[in-house]
Amino acid sequence: MKVGVPKEIKTHEYRVGLTPGAVREYVAAGHSVAVETNAGAGIGATDETYRKAGATILGSAREVFGSSELIVKVKEPQPSEWTQLRENQILFTYLHLAPDPEQAKGLLKSGCTAIAYETVTDAYGGLPLLAPMSEVAGRLSIEAAGAALKRYAGGRGLLIGGVPGVQAARIVVIGGGVVGTHAARMAVGLGAEVTILDRSIPRLRELDELFEGRARTRFSAIDAVEEEVFAADVVIGAVLVPGASAPKLVSRSMLSSMRKGSVIVDVAIDQGGCFETSRPTTHADPTYEVDGVIHYCVANMPGAVPLTSSQALNNATLPFGLALANKGFAAVLENQHLRAGLNVYRGRLTYKAAAESLGLPYSPIDQAAA
């Protein structure tokens, strides 16, 4: 199969869909790989490095889209990209369609087949292609919070871990999944006072055992959320409903009761965010203030550490990408986990949660592919 890797064009996005090592795997499996010039610059991979791995270097995204049967990316396609997609072409990337009706309509109009990393499943009920970036984002969220807490950035002027004799920052993590767990790991490691909120009692038990008393756990009832948020210096939004819009757990009215100069980091912003006042920001301009509360809502947090992120992502996506290259759309029909990743198929929306969030018609894959 002809596989294409365009350069990412979202603001301050430095990751790449295929690393040179991944390209070697595709080529060894008998596929041809076309990479847009400088696509790997963000991870220090030159065009020559890709040539040595077996790739062909093309001069523009248009050439890559025009010559490839399978497009492998990182971030959701931008308007100039979805207009280049076509029927009988497979797109394999993060999509996050639920809060993005324009992208959804663009993909539907293109007629392409779009498989979303974030909804591909595994045999354990997990999301294996979302997990590595969730790990990165969870850890980065504490770094981002630490920067935003600094006084010159508008924050309270607080050191996350404090010093002997001075209270450390109170950090509340809403959501005990992959993002929340890794955020809590970083916060605990820095010496913060950490509370994790979740609605799953079994998960709270697991977290309690994992942290051995170094982080508190609380059931995420309305009263508990309010109590913890109002007393927090940092609130990490780490709630995920796979493929759907994130629930709004902190309202605008709640901000007035939060500490002035406290920080919100909304890691769920790709799915619309879990704070009512959240709106997507970029690494170029990552924060804004509402009612005295600093908001950090960068929609591609792992893009800040592209070498780590690209390697971790490629480790996870490689088996699924090779399956698509080897068998085309048949791989989706044969593999229930890839089927779970199918969001768009030839003008039809095939992921129910995304369709419900967008208010668009839903077509089960069995009907869409009939």
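Residues numbered from 1 in each chain as written. Predicted model: local features only at pLDDT ≥ 70, side-chain atom pairs only at ≥ 80, totals over all residues. Heavy atoms only, no water.

Peer 1: Before we move on, can you summarise the packing of aromatic side chains with the specific residues and values?
Peer 2: For any pair of aromatic rings, geometry is given as the distance between the ring centres together with the angle between the planes. Using the criterion set out here, one finds three aromatic pairs in the structure. Aromatic pair Tyr94 and Tyr117: ring centres 4.8 Å apart, planes at 85°, arrangement edge-to-face. Here Tyr94, found in the loop between β5 (90–93) and α5 (101–110), pairs with Tyr117, found in the loop between β6 (113–116) and α6 (131–148); they are 23 residues apart in sequence, far enough to count as distant. In this structure, Tyr94 and Tyr117 share a single accessibility class: buried. Taking the centre distance of 4.5 Å and the plane angle of 20° together, the rings of Phe329 and Tyr345 count as stacked. Of this pair, Phe329 sits in the loop between α11 (306–327) and α12 (330–334) while Tyr345 sits in strand β14 (residues 342–345), placing them 16 residues apart in sequence. Residue classification places Phe329 among the buried residues on the basis of a relative accessible area of 17%. Judged by relative accessible area, Tyr345 falls into the buried class, the value being 9%. What links up through ring pairs into an aromatic cluster is the set Phe92, Tyr94 and Tyr117. Directly above the aromatic system of Tyr288 lies the positively charged group of Arg279, at a separation of 3.8 Å from the ring centroid. (Phe/Tyr/Trp six-rings, centres within 6.5 Å; stacked < 30°, edge-to-face > 60°. Helix = DSSP H or I, 4+ residues; strand = E, 2+ residues; numbered from the N terminus. Buried < 20%, exposed > 50% of the residue type's maximum accessible area, 1.4 Å probe, protein only. Lys NZ or Arg CZ within 6 Å of the ring centre and 35° of its normal.)

Peer 1: Explain the layout of surface pockets to me, using residue names and the numbers behind them.
Peer 2: When its volume is computed, the largest pocket comes out at roughly 570 Å³. What lines the largest pocket is a set of 31 residues, and nearest its centre among them are Leu130, Ser134, Val179, Leu240 and Val267. For the lining of the largest pocket, the elements supplying multiple residues, two or more each, are α6 and α7 (178–189). For the lining of the largest pocket, the leading source of residues is α6, giving four residues. Classifying every residue of the lining of the largest pocket gives 19 nonpolar, eight polar and four charged. In this structure, the second largest pocket encloses a volume near 260 Å³. What lines the second largest pocket is a set of 16 residues, and nearest its centre among them are Lys10, Glu76, Asp270, Pro280 and Ala299. (1 Å grid on protein atoms, 1.4 Å probe; cavity = no way out; pocket = protein on both sides within 12 Å on 5 of 7 lines; lining within 4 Å. Points joined across faces, edges and corners; volume = space filled by probe spheres on them. Nonpolar A, V, L, I, M, F, W, Y, C, P; charged D, E, K, R; others polar.)

Peer 1: So what about the pairing of strand β7 (residues 170–174)? Which residues, and what values?
Peer 2: Along β7, four of the five residues are buried, which leaves the element largely enclosed by surrounding structure. In this sheet, strand β8 (residues 193–198) lies alongside β7 in parallel orientation, the contact comprising five bridges. Looking across to β8, one finds that Val172 is bridged to Thr195. With four bridges joining them, β7 and strand β10 (residues 234–237) adopt parallel strand pairing. Within β10, the residue paired with Val172 across the bridge is Val235. (Pairing = 2+ DSSP bridges.)

Peer 1: Give a detailed account of the packing of α6 against α7, specifying residues and quantitative values.
Peer 2: For the pair α6 and α7, interaxial distance at closest approach is 7 Å and the crossing angle is 40°. The interaxial crossing formed by α6 with α7 has right-handed handedness. Contact with α6, carried on its side by Ala131, Ser134, Glu135, Gly138, Arg139, Ser141, Ile142 and Glu143, involves Val178, Val179, His182, Ala183, Arg185, Met186 and Ala187 of α7 and no other residues of that element. Among the residues forming the contact of α6 with α7, the class breakdown is seven nonpolar, four polar and four charged. (Axes fitted to C-alpha atoms, helices over the stretch in contact; angles between N-to-C directions. Left-handed = near helix turned anticlockwise from the far one by under 90°. Contact = heavy atoms within 4.5 Å.)

Peer 1: Can you tell me about a nonpolar patch on the surface, naming the residues and giving the values?
Peer 2: A surface patch of nonpolar side chains, amounting to about 280 Å² of accessible area, comprises Leu159, Val163 and Val166. Locating Val163 in the fold gives a position in the loop between α6 and β7. A residue is classified by how much of its surface remains accessible, and Val163, at 46% relative accessible area, is partly exposed. (Patch = residues over 30% accessible without salt bridge, like charges linked within 9 Å, V, L, I, M, F, W, Y side chains within 5 Å. Areas by Shrake-Rupley, 256 points an atom, 1.4 Å probe, with all protein chains shown as cover. Salt bridge = Lys/Arg side-chain N within 4 Å of Asp/Glu carboxyl O.)

Peer 1: Residue-level account of the pattern of salt bridges, with values.
Peer 2: Evaluation of the coordinates by the stated rule reveals 16 salt bridges. Across the pair Arg218 and Glu228 runs a salt bridge, and its minimum N-O distance is 2.9 Å. One end of the pair, Arg218, is in strand β9 (residues 215–219); the other, Glu228, is in helix α9 (residues 222–231), with 10 residues separating them in the sequence. In this structure, Asp291 engages Arg252 in a salt bridge whose closest nitrogen and oxygen atoms are separated by 2.9 Å. Taken together, the residues Asp291 in the loop between β12 (287–290) and β13 (293–296) and Arg252 in helix α10 (residues 252–255) connect sequence positions 39 residues apart. Relative accessible area serves as the criterion here: at 41%, Arg252 is assigned to the partly exposed category. What you see here is one network of salt bridges that share partners, running through Lys10, Lys75, Glu76 and Asp270.

Peer 1: Can you tell me about helix α1 (residues 20–28), naming the residues and giving the values?
Peer 2: Of all the positions in α1, only Pro20, Ala22, Val23 and Tyr26 are classed as buried. Projected down its long axis, α1 carries its buried residues within an arc of 155°, all on one side. Away from its buried face by more than 90 degrees, α1 exposes Arg24 and Ala28. On its buried face, α1 sits against β1 (2–5), β2 (32–36), α2 (47–53), β4 (70–72) and α11. One or two steps after α1, the chain reaches Gly30, where phi turns positive at roughly 100°. (Arc of directions from axis to C-beta.)

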